[in-house]
Structures are given as C-alpha cells and as structure tokens.
Amino acid sequence: MTRGNARELAVHLIYGREFTGDNPVDVVRLRLEEGYYEQLAAEYEIYTERPSGKQIKYLEEIVAGVHAHEELLNTIIGKFSIGWDVKRISRLNRVIMQLAVYEILYVADVPEGVAVSEAVRLAKKYNDEMGRFVNGILGSFVRAWKADPNFLENLAAEEAAKIAPAEESAEAPAAEEI
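Residues numbered from 1 in each chain as written. Predicted model: local features only at pLDDT ≥ 70, side-chain atom pairs only at ≥ 80, totals over all residues. Heavy atoms only, no water.

Regarding the overall build of the chain
Working step 1: Along the chain, the regular secondary structure elements total 9 helices and 0 strands.
Working step 2: Going from the N terminus to the C terminus, the chain shows its helices and strands as α-α-α-α-α-α-α-α-α.
Working step 3: Judged by the C-alpha coordinates and their principal axes, the chain covers about 70 × 35 × 30 Å.
Working step 4: Residues classed as buried in the chain amount to 40% of the 178 residues present.
Working step 5: Intrachain contacts of the chain at a sequence separation of at least 6 include 70% that bridge at least 24 residues.
Working step 6: If you sum the accessible surface of the chain, you get close to 10,100 Å²; carbon and sulfur atoms cover 52% of it. (Helix = DSSP H or I, 4+ residues; strand = E, 2+ residues; numbered from the N terminus. Buried < 20%, exposed > 50% of the residue type's maximum accessible area, 1.4 Å probe, protein only. Contact = heavy atoms within 4.5 Å. Areas by Shrake-Rupley, 256 points an atom, 1.4 Å probe, with all protein chains shown as cover.)

Dropping the structure here:
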C-alpha cells in the first residue's frame, strides 16, 4: 500500500469515527480486521491491499492525533475558510483538511507541500470542484504558518481574545439592573 493510499484510508477512518464516536484506537483495529477489511475491498479500491505494520502505526497516529487536536485543526481551517463556518464545510472535506493540517504540524517526515497536494488530490477524487477550495484554505494556512514562527501561540491568543469579551459581556449587569 502506498503512503497516498494509507492517507486515503486514514480519511475513511477519521470520517467513520466522526459518525460513531468510537475510540480512535478501536476504529483502526475494528476497520482493519480481516473479514471486515476484505468486505470493503468490493466497494473501494484502497481496501484491496492491506497496510503494512508501519502503515498501521501511521494510521493509528493520524486517527488518534486528529481526534486529539480536532478543535485546533478546526480553528485553523476556520481561520482560513473566509466566509465559511467550519460546520458548513462538508464533513469529508473537513476531514481531508484536518488530516493535512495535522500532518503539517505534527508529522515530521511529511513536507507541507506533500500534505497539501495529497489533500487536494483526495478532495478532487470525491468532488472535483472542491480541489480549489481545499487548496486555497491549506495554501493560506501554510503561508501564514511559515511566515510566523509563533503561529500556534498567536492563534491561541486570538481565540482567547474572542472568548474574553463574550465572557465579560455575560458577566456585566444589564443596563436596567444598574
């Protein structure tokens, strides 16, 4: 199985986990069981070849990592999807972008260009029109991330600043109460 196919399989696993809410380790284990995996081969070409031990470790890391960092990944996607609420982005395209952002931030042996290219390839495979959308969001993220060595810290500060005024206004007494 190629790394690209393992990446696509990771998208399937993450996507499926969003529906079931299962533990990420269980998702990988259950979906890779021989009988179940072989059944999927009739529907999807990527299931015709089983992942190697190294690829299974990659899948476990990716599925668990995307789950653990889902809020951060969605915040990043939301920051660069101008005019789109993250919840309005199709679940599949959101998962594809979550995977790419996770690889860029946390998987040292995946260059950011490869993560973006693979995400665009997968988005086009499932909906040809979404390739440009995914490329635009991920390309903007990569440019900002490379330009700012403190990108994650600054993003956290921006998010905290958004929350603080909302909390202050909730705590302030209404005009009639004064």
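There is more to say, and it comes next.
What to know about the nonpolar core
Working step 1: Ranked by internal contacts, the top residues of the largest apolar core, which has 51 residues, are L9, I62 and F141.
Working step 2: Looking at this core element by element, the count peaks at 9 residues for helix α6 (residues 91–106).
Working step 3: Apart from residues no more than four positions distant in its own chain, L9 is found in contact with M1, L32, Y37, I46, Y47, P51 and L59. (Core = buried A, V, L, I, M, F, W, Y, C linked by side-chain atoms within 4.5 Å.)

Considerations on helix α7 (residues 112–126)
Working step 1: Along its 15 residues, α7 runs 22 Å from first to last C-alpha, staying within 8% of the 21 Å computed at 1.5 Å per residue.
Working step 2: Three or more residues of α7 are buried, namely A115, V116, E118, A119, V120, L122 and A123.
Working step 3: Turning to α7, the residues buried within the fold contact α1 (3–20), α6 and α8 (130–147). (Expected span 1.5 Å × (residues − 1).)

Brief notes about the environment of L152
Working step 1: Structurally, the position occupied by L152 is in helix α9 (residues 151–171).
Working step 2: By relative accessible area, which is 30% here, L152 ends up partly exposed.
Working step 3: Residues L152 and L72, 80 residues apart in the sequence, show an inter-C-alpha distance of 9.0 Å.
Working step 4: Beyond its immediate chain neighbours, meaning those up to four positions away, L152 contacts L72, I76 and L105.

A look at the pattern of salt bridges
When their charged atoms lie close together, side chains carrying opposite charge are able to pair.
Working step 1: Summed over all chains, the structure comprises 10 salt bridges.
Working step 2: In this structure, E118 and R7 form a salt bridge, with 3.6 Å as the shortest nitrogen-oxygen distance. Here E118 is found in helix α7, whereas its partner R7 is found in helix α1, with 111 residues between them in sequence.
Working step 3: Under the relative-accessibility criterion, R7 is labelled buried at 4%.
Working step 4: Residues R94 and E18 are paired through a salt bridge, measuring 3.3 Å at the closest nitrogen-oxygen approach. Here R94, found in helix α6, pairs with E18, found in helix α1; they are 76 residues apart in sequence, far enough to count as distant. (Salt bridge = Lys/Arg side-chain N within 4 Å of Asp/Glu carboxyl O.)

Quick look at the confidence of the model for the chain
Working step 1: Per-residue pLDDT for the chain has a mean of 87; in total, 92% of the residues score no lower than 70.
Working step 2: The element-level mean pLDDT for the chain is lowest in α9, coming to 74, with α6 highest at 96. (pLDDT = per-residue confidence, 0-100.)

Regarding the layout of surface pockets
Working step 1: Of the pockets and cavities examined, the largest pocket occupies roughly 150 Å³.
Working step 2: Surrounding the largest pocket, E71, L72, T75, L152, L155, A156, E159, A160 and I163 form its lining.
Working step 3: Counting residues per element, the ones that place at least two in the lining of the largest pocket are α5 (70–80) and α9.
Working step 4: Considering each element in turn, the lining of the largest pocket owes the most residues, 6 residues, to α9.
Working step 5: For the lining of the largest pocket, the class distribution of residues is 6 nonpolar, 1 polar and 2 charged. (1 Å grid on protein atoms, 1.4 Å probe; cavity = no way out; pocket = protein on both sides within 12 Å on 5 of 7 lines; lining within 4 Å. Points joined across faces, edges and corners; volume = space filled by probe spheres on them. Nonpolar A, V, L, I, M, F, W, Y, C, P; charged D, E, K, R; others polar.)

A short note on the environment of M1
Working step 1: Turning to its location among the elements, M1 is positioned in the segment before α1.
Working step 2: Classification of M1 by relative accessible area gives buried; the value is 14%.
Working step 3: As a C-alpha pair, M1 and P51 span 50 residues in sequence and 5.7 Å in three-dimensional space.
Working step 4: Apart from residues lying up to four places away in sequence, M1 is in contact with A6, L9, Y37, I46, E49, R50, P51 and Q55.

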